[in-house]
Amino acid sequence: MDLRLIILLGIVLLIYVLTNYYIYIHIAPLCLSPRGKILIPLLLLIMAAYPVGRILQAFISPGITIKIIIAAGSYYLAFMAYAFFLVLFMDIYRLLSSFSFLPLLGTTLQAQIWKVGICLIIVLISFGSLNARKARIVTLSLEMPLGNPAIDSLCAVAVSDIHVGPFINSSRIRGLVDKINGLSPDIVFLVGDIVDESISAAAEEGLTEELKRIKAPLGIYAVPGNHEYYAGIEDVQKYLSRGGVRLLRDEFVVIKDSLILVGREDIMANRLGEEKRRPLSEILREAPKNLPIIVLDHTPINLEEATSQGVAIQLSGHTHNGQMWPFNLITRLIFEKSWGLLQKENTLIYVSCGYGTWGPPVRIGSTPEIILLNLTLNVLE
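Values in this document were obtained by computation on a predicted structure and should not be read as measured data.

1. Here's the deal with the overall build of the protein
Okay, so step 1: Scanning the protein from N- to C-terminus turns up 14 helices and 12 strands.
Okay, so step 2: Here the C-alpha atoms of the protein give a radius of gyration of 23 Å, agreeing with the 21 Å that 2.2 N^0.38 yields for 381 residues.
Okay, so step 3: Each principal axis of the C-alpha atoms in the protein carries an extent, and together these give about 80 × 50 × 40 Å.
Okay, so step 4: Going through the 381 residues of the protein one by one, you find that 52% of them count as buried.
Okay, so step 5: Nonlocal contacts in the protein, meaning residues at least 24 apart in sequence, comprise 76% of its contacts between residues at least 6 apart.

Spelled out as structure tokens, the structure:
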């Protein structure tokens, strides 16, 4: 494993441990009764479930036991996030009450707040779990003037962040392919993070077999996301090609002598890849100069690069729009556009919140989506 990836995983694990320790030191004192003490080892076990399950999955073929551990740990991630906010709120309240008129929180009141809080968190996660399985269709329509297009219209379907793995299993993939075929696309774009963390998990769910069922006369094109690098970009490329998918890595193709489709390496290539991500201007150096450009770029950064090169449309993903509120507030601070449509000069940029989930199979404040892109190519008068 690459040293940089080990360091990244180490940082993530450290944050996970510290967050759980912060929650634990607030919950443990409330479990002082003989019956309550039984909950402490159970709490410690479920806190360890996600990292333990993921580590076991990396070395052992995932059987039903490991899948149960990962599932329990994944839902706990969602619980952990909201439990952290609850504990943080209680600590802030306690700090303010120490030098203001606010009443102090006694042990009994804290226990009652925890009971109510846990019930509300469970209800919220249950709703989010159902919401994560209901994808909507987002339709974008755009007219493009051309000198002499070979086609007068194009129907494209784009999907980002599928994350095939523990929760996007064979039945979910089959449902996605059925939805794509139901839209009768001419061409299909997969905008990164197709797999979750391993090729073996995607193969177990029959990803390539399902991809072969997609009916798109002009083909299926994809770009890598950061998770393709975690899984091993070269292996992913070979695996997807067996499903009829062409992975574009800082290269372009001309579609029907009417459009230029550019696929970018993900920014993760600069950290984990053998070659660095190339500038868009360099990729387009040999491209025809009179055709509109569509760019697929998983992570929506450096958007000025697309506008400076006269790109008509850029499709991105990666953000999940935070996946669970209030993390969308954080992604809004990080990215110029965290989700939705952005008109930047003459470039139309759409950042999708994705189809699948990472970590907890829960979406709160965001809805999974499939993009239907209708292009009309008009002859210049």
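2. A short note on the pattern of salt bridges
Okay, so step 1: Scanning the model with the defined rule gives 14 salt bridges in all.
Okay, so step 2: In this structure, arginine 213 and glutamate 210 form a salt bridge, with 2.9 Å as the shortest nitrogen-oxygen distance.
Okay, so step 3: With a relative accessible area of 11%, glutamate 210 lands in the buried category.
Okay, so step 4: Residues glutamate 251 and arginine 246 are paired through a salt bridge, measuring 3.3 Å at the closest nitrogen-oxygen approach.
Okay, so step 5: Judged by relative accessible area, which is 38%, arginine 246 ranks as partly exposed.

3. Things to note about the packing of aromatic side chains
Two descriptors summarise a pair of aromatic rings, namely the distance from one centre to the other and the angle between the planes of the rings.
Okay, so step 1: Within the structure shown, the criterion is met by six aromatic pairs.
Okay, so step 2: Each residue in the set Tyr22, Tyr82, Phe84, Phe85 and Phe327 is aromatic and connected to the rest through ring pairs, giving one cluster.

4. A closer look at unusual backbone geometry
Leave glycine aside and you will find that most residues have negative phi; peptide bonds, for their part, are mostly trans.
Okay, so step 1: In this structure, the amide linkage connecting tryptophan 325 to the following residue, proline 326, adopts the cis form with an omega of 10°.
Okay, so step 2: Even without a glycine there, the phi angle at serine 184 is positive, about 50°.
Okay, so step 3: Inspection of the secondary structure assignment puts serine 184 in the loop between α6 (170–182) and β3 (187–191).
Okay, so step 4: Of note, lysine 256 is a non-glycine position whose phi angle comes to about 50°, a positive value.
Okay, so step 5: One can find lysine 256 in the loop between β6 (251–255) and β7 (259–263).

5. Topic: the pairing of strand β9 (residues 313–316)
Within a regular beta strand, the side chains point alternately toward one face of the sheet and then the other, so they alternate between its two faces.
Okay, so step 1: Covered by surrounding structure in β9 are Ile313 and Leu315 together with Gln314 and Ser316, the residues of both alternating faces.
Okay, so step 2: Sheet topology places strand β8 (residues 293–296) next to β9; three bridges connect them, and they run parallel. Among the inter-strand pairings, isoleucine 294 is bridged to a residue of β9, identified as isoleucine 313.
Okay, so step 3: The handedness of the β8 to β9 crossover, carried by helix α13 (residues 303–308), is right-handed.
Okay, so step 4: Strand direction decides the pairing type here: β9 and strand β11 (residues 347–351), joined by four bridges, are parallel. Its bridge partner lying in β11, leucine 315 is registered against tyrosine 350.

6. Here we look at the sheet that holds β11
Okay, so step 1: Spatially, the six strands line up as an open sheet ordered β6-β7-β8-β9-β11-β10, and their pairing is mixed. Each of the sheet's edge strands pairs with one partner strand only, and the pair in question is β6 and β10 (340–344). Put simply, the sheet's adjacent strands are angled 20° from each other on average, direction ignored.
Okay, so step 2: In the sheet, β6 pairs with β7 via five bridges, with the strands oriented antiparallel. Bridge pairing in β7 places valine 254 opposite isoleucine 260.

7. So, the environment of glycine 73
Okay, so step 1: Relative to the assigned elements, glycine 73 resides in helix α4 (residues 64–97).
Okay, so step 2: On the basis of relative accessibility, which here comes to 0%, the residue glycine 73 falls in the buried class.
Okay, so step 3: Note: C-alpha distance between glycine 73 and alanine 231 (158 residues apart in sequence) is 21 Å.

8. Considerations on the pairing of β11
Okay, so step 1: Here β11 lies mainly inside the structure; five of its five residues are buried.
Okay, so step 2: Alignment of β10 against β11, held across five bridges, turns out to be antiparallel. Residue pairing across strands places glutamine 343 opposite leucine 348, the latter belonging to β11.
Okay, so step 3: Linking β10 back to β11 in an antiparallel pair, the connection comprises two residues, with glutamate 345 at a positive phi of about 55°.

9. A short note on a nonpolar patch on the surface
Okay, so step 1: Together, Leu3, Ile6, Ile7, Ile11 and Ile15 make up an exposed nonpolar region whose accessible area comes to about 490 Å².
Okay, so step 2: Locating isoleucine 6 in the fold gives a position in helix α1 (residues 3–27).
Okay, so step 3: A relative accessible area of 41% means that isoleucine 6 is categorised as partly exposed.

10. Some thoughts on the nonpolar core
Okay, so step 1: Membership of the largest hydrophobic core comes to 36 residues, with the highest contact counts inside it found for Val159, Ile162, Leu190, Leu207, Ile214 and Leu240.
Okay, so step 2: Leave out the neighbours within four places in its chain, and leucine 190 touches Val159, Ile162, Leu211, Ile220, Tyr221, Ala222, Val223 and Val245.
Okay, so step 3: Listed in part, the 27 residues of the second largest apolar core include Ala156, Leu261, Leu296 and Leu377.

The rules behind these values
Residues numbered from 1 in each chain as written. Predicted model: local features only at pLDDT ≥ 70, side-chain atom pairs only at ≥ 80, totals over all residues. Heavy atoms only, no water. Helix = DSSP H or I, 4+ residues; strand = E, 2+ residues; numbered from the N terminus. Rg over C-alpha atoms; globule rule 2.2 N^0.38 Å. Buried < 20%, exposed > 50% of the residue type's maximum accessible area, 1.4 Å probe, protein only. Contact = heavy atoms within 4.5 Å. Salt bridge = Lys/Arg side-chain N within 4 Å of Asp/Glu carboxyl O. Phe/Tyr/Trp six-rings, centres within 6.5 Å; stacked < 30°, edge-to-face > 60°. Pairing = 2+ DSSP bridges. Right-handed = clockwise from strand over helix to strand, strands pointing away. Axes fitted to C-alpha atoms, helices over the stretch in contact; angles between N-to-C directions. Patch = residues over 30% accessible without salt bridge, like charges linked within 9 Å, V, L, I, M, F, W, Y side chains within 5 Å. Areas by Shrake-Rupley, 256 points an atom, 1.4 Å probe, with all protein chains shown as cover. Core = buried A, V, L, I, M, F, W, Y, C linked by side-chain atoms within 4.5 Å.

By themselves, these figures tell us nothing about what the structure is for.
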